[in-house]
Amino acid sequence: MKKLVLFLLICLASVVTAQDSNIKGAWSGKLSVYGSEFTLVFHFDDEACTLDSPDQGVKGVPAKMERTSAGIKVDVPSINASYEGVYMGESIMGTFKQHGQSFPLTVKPGMLKRNRPQTPVVPYPYQTQEVSFNNGDAILKGTLVTPEKASRQTPVLLMITGSGLQNRDEEIFEHKPFAVIADAFARAGIATLRYDDRGFGESTGDIVNCTTEDLKNDALAGIQLLRSRFDKVGVIGHSEGGTIALMLAAEQKADFIVSLAGMTVSGKETLLWQNRLALAAANIPSETIDAYCKALAEVFDACIAGAPMPSASQYNLPAPLAQNLAAATMQLQTPYMKHFLALDVRPLLGNITCPVLALNGAKDMQVEPASNLGALRSGLPASPKNKLQAVEGLNHLFQHCNTGLSSEYPNIEETISPEVLELMVHWLEDFISL
């Protein structure tokens, strides 16, 4: 879970243009959502406009714009959002609305360029090849990276992203962790295949009705492609991708797996933990946090059971939290969330016989290190090839950090700790017989 799932507002976007016809080019601003900031870049060209959300790897989102007496109004029907702004000469000031909630948003000319020194640059000392595979109607497009002199004996890993729509690089805040990992592995003689999630980037497929089970089957189709070319096929997954890696291992579909911040306990437990931490970080009183999380747990239980959802009005919560609970309740009405809340891989762990490397950042604030690694230690069969470790000083993205909160992500230049890259390579060298 690369993004804080406090209210499951995963893809926040809007597009604006200006009343002044001379407004052209890129304008950018920051949308603040419950302690997290998302940079939005708007590209204006007369009456046309598109949006980039570089923090989420989103580019070229179309929208419908109309001029108003005060400025402009933009509708983004695909995400049930709108933006209305006033041209102020050197800025456009306005309000972004989604799912009944409003957030101030000001954009100014220019684009924010962040320093990401670990992102690989050409020329690469390895080969890259564009490939595709399909799971039913879903067509997944990806990049196969192979080291020099690769053969069937070269070990290869399928890379699986975390929750939320992600491109093949698992791009977030202009970090490209999967590209960095693939680069490090290729230089060590290890191949990888990373792909755009279904319905995102160059991949197609239903994202409205899909669940984690569908995403697992997408990954399985990738494994089948790799088995036609390689003898030793493993999986590396981050967050929800780590959960999927464990599911595939339990089904004997992978020869070895690497779980990075994988969720082992249930989705319900994970989301409750996330909410509790987020509210504490916002200095909400502990008794209010307890009341909110109790109400949220009842909403989750009703969702899992398919029972009528409790109304936020029946709980004695402060108005902002009651509004948030109502928004969360609304966003749980999807097949994905109903499946995710009940998802729990602990009963499957005893079926895993392949080598497992499971790493968590000790400062992870999105997937709790203690409970998830603890579940693996008690559930996996004993094996000298397994390595389970919380890495000190790192967050959910395996960056060195101060607090581990997602609000730090945009300002950290490191994409992934070099120590973690080295640890993964050494484990593969030791146990996968390079």
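Residues numbered from 1 in each chain as written. Predicted model: local features only at pLDDT ≥ 70, side-chain atom pairs only at ≥ 80, totals over all residues. Heavy atoms only, no water.

Draft legend 1. Structural view of the side chain of serine 417. Structurally, the position occupied by serine 417 is in the loop between β17 (387–391) and α9 (418–431). When neighbours within four sequence positions are excluded, serine 417 is seen to be in contact with Leu394, Phe398 and His400. (Helix = DSSP H or I, 4+ residues; strand = E, 2+ residues; numbered from the N terminus. Contact = heavy atoms within 4.5 Å.)

Draft legend 2. Here's a closer look at the packing of aromatic side chains. For the structure shown, the criterion picks out six aromatic pairs. With 6.2 Å between their ring centres and 65° between their planes, phenylalanine 173 and tyrosine 409 make a pair best called edge-to-face. On the criterion of sequence distance, the pair formed by phenylalanine 173 in the loop between β12 (156–160) and α1 (177–187) and tyrosine 409 in the loop between β17 and α9 is long-range, its members being 236 residues apart. You'll find phenylalanine 173 and tyrosine 409 in the same group, each marked buried. For the ring pair tyrosine 336 and phenylalanine 340, a centre distance of 5.8 Å and an interplane angle of 15° mean the geometry is stacked. In this pair, tyrosine 336 and phenylalanine 340 are both assigned in helix α7 (residues 335–342), four residues apart and thus about one turn of the helix distant. Aromatic rings pair up to connect Phe38, Phe173 and Tyr409 into one cluster. (Phe/Tyr/Trp six-rings, centres within 6.5 Å; stacked < 30°, edge-to-face > 60°. Buried < 20%, exposed > 50% of the residue type's maximum accessible area, 1.4 Å probe, protein only.)

Draft legend 3. Representation of unusual backbone geometry. Of the consecutive residues valine 122 and proline 123, the connecting peptide bond is found in the cis state with omega at 0°. Tracing the chain through its elements places proline 123 in the loop between β9 (101–109) and β10 (126–135). In this structure, glutamate 174 takes a positive phi of about 65° despite not being glycine. In this structure glutamate 174 comes out as buried when scored by relative accessible area, which is 13%.

Draft legend 4. Expanded view of the pattern of salt bridges. For the structure shown, the criterion picks out 16 salt bridges. Arginine 168 serves as the salt-bridge partner of glutamate 130, at 2.7 Å between the closest nitrogen and oxygen. Here glutamate 130, found in strand β10, pairs with arginine 168, found in the loop between β12 and α1; they are 38 residues apart in sequence, far enough to count as distant. Between arginine 187 and aspartate 183 there is a salt bridge, and its shortest N-O distance comes to 2.9 Å. Of this pair, arginine 187 and aspartate 183 both sit in helix α1, four residues apart, which is roughly one turn of the helix. Among the residues examined, arginine 187 registers a relative accessible area of 53% and is labelled exposed. What makes aspartate 183 buried here is its relative accessible area of 11%. Within the structure, one salt-bridge network assembled from shared partners comprises Glu130, Arg168, Asp196 and Glu202. (Salt bridge = Lys/Arg side-chain N within 4 Å of Asp/Glu carboxyl O.)

Draft legend 5. Examining α9 more closely. The terminal C-alpha atoms of α9, which comprises 14 residues, lie 20 Å apart, in line with the 20 Å expected from a rise of 1.5 Å per residue. Among the residues of α9, Val420, Leu421, Leu423, Met424, Val425, Trp427 and Leu428 are the ones counted as buried. (Expected span 1.5 Å × (residues − 1).)

Draft legend 6. The arrangement of the state of the cysteines in detail. In the structure shown here, the tally under the stated rule is zero disulfides. In this structure cysteine 303 is not part of a disulfide, and its nearest cysteine sulfur, from cysteine 210, lies 15 Å away. Owing to a relative accessible area of 5%, cysteine 303 belongs among the buried residues under this scheme. (Disulfide = S-S within 2.5 Å.)

Draft legend 7. Up close: the sheet that holds strand β6 (residues 71–76). Spatial ordering of the open sheet is given by β4-β3-β2-β1-β9-β8-β7-β6-β5, a layout of nine strands whose pairing is antiparallel. Edge positions in the sheet fall to β4 (58–62) and β5 (64–67), since each of these pairs with one other strand and no more. Averaged over all pairs of adjacent strands, the angle between their axes in this sheet comes to 25°, without regard to strand direction. Summarising the sheet, β6 and strand β7 (residues 81–87) pair through six bridges and their orientation is antiparallel. (Pairing = 2+ DSSP bridges. Axes fitted to C-alpha atoms, helices over the stretch in contact; angles between N-to-C directions.)

Draft legend 8. Summary view of the side chain of glutamate 171. By the element assignment, glutamate 171 lies in the loop between β12 and α1. Put simply, glutamate 171 is tucked away with no salt bridge, and the nearest opposite charge, on lysine 176, sits 4.6 Å away. A polar contact is formed between the side chain of glutamate 171 and the side chain of asparagine 167, at a distance of 3.0 Å. (Lys, Arg positive; Asp, Glu negative; His and termini not counted. Polar contact = N/O pair within 3.5 Å; in protein donor to acceptor, adjacent residues only side chain to side chain.)

Draft legend 9. Layout of the sheet that holds strand β14 (residues 233–238). If you trace the eight strands from one edge of the open sheet to the other, you get β10-β11-β13-β12-β14-β15-β16-β17, paired in mixed fashion. Two strands bound the open sheet, and with one partner strand each, they are β10 and β17. Mean inter-strand twist for the sheet, computed between neighbouring axes without regard to direction, equals 20°. As paired strands, strand β16 (residues 356–361) and β17 are joined by five bridges and run parallel to one another. Considered in β17, the bridge of alanine 358 is made with leucine 388. Together, β12, β14 and β15 (257–260) form the strand contacts of helix α3 (residues 240–250), whose direction differs from that of β14 by roughly 150°.

Draft legend 10. Representation of the packing of α1 against α9 within the structure. Direction vectors running N to C along α1 and α9 enclose 45°, while the axes themselves pass 10 Å from each other. Classified by the interaxial angle, the pair formed by α1 and α9 is oblique. Judged by the twist between their axes, the crossing of α1 over α9 is right-handed. Residues Val180, Ile181, Ala184 and Phe185 of α1 form the contact with α9, whose participating residues are Leu421, Met424, Val425 and Leu428. The residue inventory of the contact of α1 with α9, partitioned by class, reads eight nonpolar, no polar and no charged. (Parallel < 35°, antiparallel > 145°, perpendicular 65-115°, else oblique. Left-handed = near helix turned anticlockwise from the far one by under 90°. Nonpolar A, V, L, I, M, F, W, Y, C, P; charged D, E, K, R; others polar.)

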